[in-house]
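Remarks on the overall topology
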Number of protein chains: 2
Amino acid sequence: MEHIKGAGVCAPLGFSASSAVADVKGNGKGKRDMALLYSEVPFNAAAVFTSNKFCAAPVIHGRELIGKKGKFSAIVVNSGNANACTGEKGLAACGEITKAFAAELDVDEKAVLISSTGVIGVQLPVGKMTAKAGELIDELDSGNSHEFAEAIMTTDAVKKEYAVLVETQNGAYVVAGAAKGAGMIAPSMATMLAFITTDAAVKTDALQEALSHAMTDSFNSVTVDGDMSTNDTVFLFANGMSGIIPNREEFFEAVKTVCVELAKMIVRDGEGATKFCTFKVVNAATDEDAKKCAFAVANSPLVKTMLHGEDPNWGRIFATVGACGIQCRQDNVDLYFENLKYAENGIIIDYALEPQAAAIMKKKDIEITVDLKEGSASKTVYTCDFTKEYISINADYRS
Amino acid sequence: MEHIKGAGVCAPLGFSASSAVADVKGNGKGKRDMALLYSEVPFNAAAVFTSNKFCAAPVIHGRELIGKKGKFSAIVVNSGNANACTGEKGLAACGEITKAFAAELDVDEKAVLISSTGVIGVQLPVGKMTAKAGELIDELDSGNSHEFAEAIMTTDAVKKEYAVLVETQNGAYVVAGAAKGAGMIAPSMATMLAFITTDAAVKTDALQEALSHAMTDSFNSVTVDGDMSTNDTVFLFANGMSGIIPNREEFFEAVKTVCVELAKMIVRDGEGATKFCTFKVVNAATDEDAKKCAFAVANSPLVKTMLHGEDPNWGRIFATVGACGIQCRQDNVDLYFENLKYAENGIIIDYALEPQAAAIMKKKDIEITVDLKEGSASKTVYTCDFTKEYISINADYRS
C-alpha cells in the first residue's frame, strides 16, 4: 500500500466530482457550497451515521436508503445548512433534491444520496439547490477532487484528502477519501462528513464490515471539543471498476489507513488548534475503562489548555484520570511524555526532569501516555489544544 | 431567615479567623496564603469530600478525622499548594502541621483539621507553614471573616461569603460560610473549598445529613469546565454557642441557602466568565436522565461559547441533548429562553421571535429551559460562558 500524494476522492477509476455556488446560506458570500460526487458505474454503499438521537434529515433519509443495499450513482452534498431540527419539511427536502438530480442524471431516485452540514434549524433552500443540478452535472470531472473537498468545508481551515494505491497480483485498486470537520467533535464520532471511494469490487455487506472495522481507530478516536453532531456520517462507496476483488485483510487495512489519516487531519485542523496530541491509555482493567479514561483526558478543557500553555502539568492529567470513574489506584499510575517517564506510582519521579518534559510540550506533535497498571486494555485518542481562536470561531458562528 | 449583608465565616458566635503570608509557593509574591479558623468552644464537624480517586492528602487525612465524629477546635487552610499526588510524605505533612498548631492552641492533635488548595504534585513547605502557627493564633479575631475568605483564594477574582440569621422562639442562630473556587468545576462537585459555620447546637450525624441535603441543589449543581478536583471539600462546623437547638427543616434550609449562594458565586466567578446561566431540564424520564442532560448541556464547550457570543443558538443545545444518552424524541422537545417558548417539538416556532431571544441572550443572567416531555424529573444547573480569558488563565496557571 502506498500513499498517492495530492490525490483525493476521484482517484479511484470512474469517480468524478463538481462543485457550485448555490448561496445556501443566503448571505451572497460566493463560497462554493454544493458538491456532487458521481460514478459512471453504479457503486455499492456502506455508511456509519451519528448516534445522536436528534439526527438530521439527511441522516434519516440516508439510513433508510443505504439500508436497502442497492446500487447508487451519486451523492449531493451541501454546506451552510445541516437540514437538522427541520421536521417533516426537512425530510421532504431531501427527497425533492435527490429526485431532481436523479432526473437530470437519468437514474433512479433511490440511486442518489444526499448529505448536508452547517447551520442547524433552518430549512434548506430547495429551489436554489435543485437549480444547480444541471451545472453540477455538466461540470463533473475526475480532476475535481479538490473542488469537492473544498465545497464541503464549513469552519475547516484546510481541505482534507487522502488516497492509497494497493498493488495486488492481478492489478491495483485505489482507496481514497475527503472529509470535513473541525468543531463539535466528540468521543463517539467526530462531527464531520467523510466520503471514502474505491474502485475495488466489494459487496455491500463486506463494505459495511470494512467501514465498521476502520471506525474504532480513526473517527472514533478523535476529539476536538466533546460534542457529538446531528449530522456525522462516514460513507464508503465501491464501484468495482478496477476489476479487482481485494484480499479482505488488505482492503480493511487500506480503508482504515485512509480513515485514520483523514481523522488526524480533522484533529490537526481543530478550530483554532496549534497542537496535535496523541494520548494513550495503556494497561486499563477493561476496554471500557481505557476508552472512558482516554476520552476524559482528551476532552478535558483543563488538559487541553495545558497543551496550549506547553506546560508539562501532569497533575491535571492525573486529576482527570481519578475523576473519570474507572478502576485505578493513585499510588499505581505512571505517566510518560513521549518516552520520558515523568511520574511513577502517582508521584513525580524527579523535578530535574521538568526541562525535558517542557521541551517535549513545546513541540507541535506531542505524545502522552498514562499506564494504569490494572489490566491489559488500551486506547489511543487524538486531540488538540484549546485556544482563544476556538472561542472566537464558535462565539461568532451560527451552527 | 434573613441575609446578613457583608458577613462571613466568623458571623456565628465564638468563631474567629486570621491569615498570614507564608509564601507557600515560594515565589515571594506576598499573597496571604494561610488561614486559620478557630472556635473557642469545640465544634461538631461534617464534611463532603471529592469522589476523585486521586484525592489529595488533606482529603485522606480529613476523611479519617471527621469519621471519628469527635470535637474540633480549628482548621488550618493554605492556598498555593493542593498537597495532592504527594504520596506518604504529603500525608505525613498533614500530621506535622496539625500537630504544630494543636500544640500552640493547647488542644488535642485530633482537634485540628487541615485543608489545602493549589498546585498539584508539589510537597508542602512544612517548615514555612508551622512557623506561622504563632502569628496566626495571635491574630485570631472575630472580625477577620474577609481575611479568611481572601487567603483561601487561588484563581478567584472575588471573595465568596454569605451569612443568614435564623430567628426562633428561643432566640437566633447564624449559619455562614466562605468558599473559594472558579476553575476545574465539574458535575459531581465543584473544585473548591467551602467552610460553613454555625452557632446552632447540632449533633454530628444531623450535621452530616444537613450538609448532604444541601449539596444536591448547590455545589452539585454548578459547573465551570467539567473537571473534578483532587481536593474538593465542603465543611460544616457547629459549636452550639447560640444555645439554640434548631428546628430540623429550618436548619437544613438555612445550610442549603448558604451553600446555594456560595455555589452561585463560584459560577459567577468562573474563570474569565461574563455570563451566568441557569439551565433547567424538566420532565425528563428519570432523575438520572435529568441530571445527565442538564450537565451535558451546561458542560458543552459549544453551548458555553454560544452563551459568550450572546447567540440564541438553540440548535447546539438540541444537538447536545440528543447526544447525551437519555430518553428523548427529537419531535417532542421544547426549548425556552426565559419564558419565551422558542422551539416546540424540535422545530423553531417562528423566526420572528429571534430578536426577542437575542435580547435575552444579551443579559448577564440568562435562563434556558429544555422540556423533554418524557416524565416528571427535573434538574437545574448553573453554568457560565467560555471566554478567551479562561484560556489565558489556564494556559498560564500551574495547578
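Residues numbered from 1 in each chain as written. Chains lettered and ligands numbered in written order. Predicted model: local features only at pLDDT ≥ 70, side-chain atom pairs only at ≥ 80, totals over all residues. Heavy atoms only, no water.

- In the annotation of an unreviewed UniProt entry, the entry for chain A reads Arginine biosynthesis bifunctional protein ArgJ, and the organism field reads Geovibrio thiophilus.
- Regarding chain A, the relevant UniProt record gives this comment under Sequence similarities (unreviewed entry): "Belongs to the ArgJ family."
- The record in UniProt for chain A states the following under Subcellular location (unreviewed entry): "Cytoplasm". (UniProt positions renumbered as here; feature names shortened; annotations may be inferred.)

1. Regarding the domain arrangement of chain A
- Along its sequence, chain A is organised into domain 1 (2–267) and domain 2 (276–395).
- Taking only C-alpha atoms into account, the centre of domain 1 of chain A sits 33 Å from that of domain 2 of chain A. (Domains from an automatic or database assignment.)

2. Observations concerning the pattern of salt bridges
- Scanning all chains against the criterion turns up 36 salt bridges over all chains.
- Here Glu209(A) and Arg248(A) are joined by a salt bridge, their closest N and O atoms 2.7 Å apart. On the criterion of sequence distance, the pair formed by Glu209(A) in helix H6 (residues 204–215) and Arg248(A) in helix H7 (residues 248–268) is long-range, its members being 39 residues apart.
- Linking Lys275(B) and Glu310(B) is a salt bridge whose minimum nitrogen-to-oxygen distance equals 2.8 Å. Residue Lys275(B) is found in the loop between helix H7 (248–268) and strand S10 (276–284), and its partner Glu310(B) is found in the loop between helix H9 (301–308) and helix H10 (314–323); the two are separated by 35 residues along the sequence.
- With relative accessibility at 26%, the residue Glu310(B) sits in the partly exposed group.
- Within the structure, one salt-bridge network assembled from shared partners comprises Asp334(A), Lys341(A), Glu344(A) and Lys373(A). (Salt bridge = Lys/Arg side-chain N within 4 Å of Asp/Glu carboxyl O. Helix = DSSP H or I, 4+ residues; strand = E, 2+ residues; numbered from the N terminus. Buried < 20%, exposed > 50% of the residue type's maximum accessible area, 1.4 Å probe, protein only.)

3. Looking at the side chain of Thr198(A)
Residue and element names in this part refer to chain A.
- With respect to the element layout, Thr-198 can be found in strand S8 (residues 193–198).
- Classification of Thr-198 by relative accessible area gives buried; the value is 0%.
- Here the side chain of Thr-198 touches Val-174 through a polar contact of 2.7 Å, landing on its backbone oxygen.
- Ignoring any residue separated from it by four or fewer positions in sequence, one finds Thr-198 in contact with Pro-12, Phe-15, Tyr-173, Val-174, Val-175, Phe-237, Ala-238, Asn-239, Gly-240 and Phe-251. (Polar contact = N/O pair within 3.5 Å; in protein donor to acceptor, adjacent residues only side chain to side chain. Contact = heavy atoms within 4.5 Å.)

4. Topic: the sheet that holds strand S11 (residues 334–337) of chain B
Residues and elements named next belong to chain B.
- Spatial ordering of the open sheet is given by S13-S12-S11-S14-S10-S15, a layout of six strands whose pairing is mixed. Single-partner strands in this sheet number two, and they are strand S13 (347–348) and strand S15 (377–384).
- Where S11 meets strand S12 (residues 340–344), three bridges bridge the pair, whose relative direction is antiparallel. Counterpart to Tyr-336 in the pairing with S12 is Lys-341.
- Of the strands in this sheet, S10, S11, strand S14 (365–371) and S15 touch H9, which is tilted by about 60° from S15.
- Helix H11 (residues 354–361) contacts S11, S12 and S14 of the sheet and is inclined by roughly 120° relative to S12. (Pairing = 2+ DSSP bridges. Axes fitted to C-alpha atoms, helices over the stretch in contact; angles between N-to-C directions.)

5. Let's talk about unusual backbone geometry
- The phi angle at Asp23(A) is positive, at roughly 60°, despite the residue not being glycine.
- Looking at where Asp23(A) falls in the secondary structure, it is placed in the loop between strand S2 (15–20) and strand S3 (34–49).
- Backbone geometry places Asn283(B), a non-glycine residue, at a positive phi of 55°.
- Among the secondary structure elements, Asn283(B) is positioned in strand S10.
- Among the residues examined, Asn283(B) registers a relative accessible area of 26% and is labelled partly exposed.

6. Some words on the UniProt feature "binding site: substrate" (unreviewed entry) in chain A
All names here are of chain A.
- Taking the numbering used here, the UniProt-annotated feature "binding site: substrate" (unreviewed entry) corresponds to Thr-154, Lys-180, Thr-191, Glu-271, Asn-394 and Ser-399.
- Tracing the chain through its elements places Lys-180 in strand S7 (residues 171–180).
- Side-chain polar atoms of Lys-180 contact the side chain of Thr-117, separated by 3.0 Å.

7. Observations regarding the packing of helix H8 (residues 287–299) of chain B against H10(B)
All names here are of chain B.
- Remark: H8 packs on H10, axes separated minimally by 9 Å, with the N-to-C direction vectors making an angle of 135°. Relative to H10, H8 is oriented oblique. The chirality of how H8 crosses H10 is right-handed. For the pair formed by H8 and H10, the contact residues are Cys-293, Ala-296 and Val-297 on the first element and Ile-317, Thr-320 and Val-321 on the second.
- Of the residues contributing to the contact of H8 with H10, the split by class is five nonpolar, one polar and no charged. (Parallel < 35°, antiparallel > 145°, perpendicular 65-115°, else oblique. Left-handed = near helix turned anticlockwise from the far one by under 90°. Nonpolar A, V, L, I, M, F, W, Y, C, P; charged D, E, K, R; others polar.)

8. Re the sheet that holds strand S11 (residues 334–337) of chain A
All names here are of chain A.
- Reading across from one edge, S13-S12-S11-S14-S10-S15 is the order of the six strands in this open sheet, with mixed pairing throughout. In this open sheet, the two edge strands, each paired with only one partner strand, are strand S13 (347–348) and strand S15 (377–384).
- With seven bridges joining them, strand S10 (residues 276–284) and strand S14 (residues 365–371) adopt parallel strand pairing. Pairing of Cys-277 across the sheet is with Ile-366, part of S14.
- Contacting S10, S14 and S15, H7 runs over the sheet at an angle of about 45° to S15.

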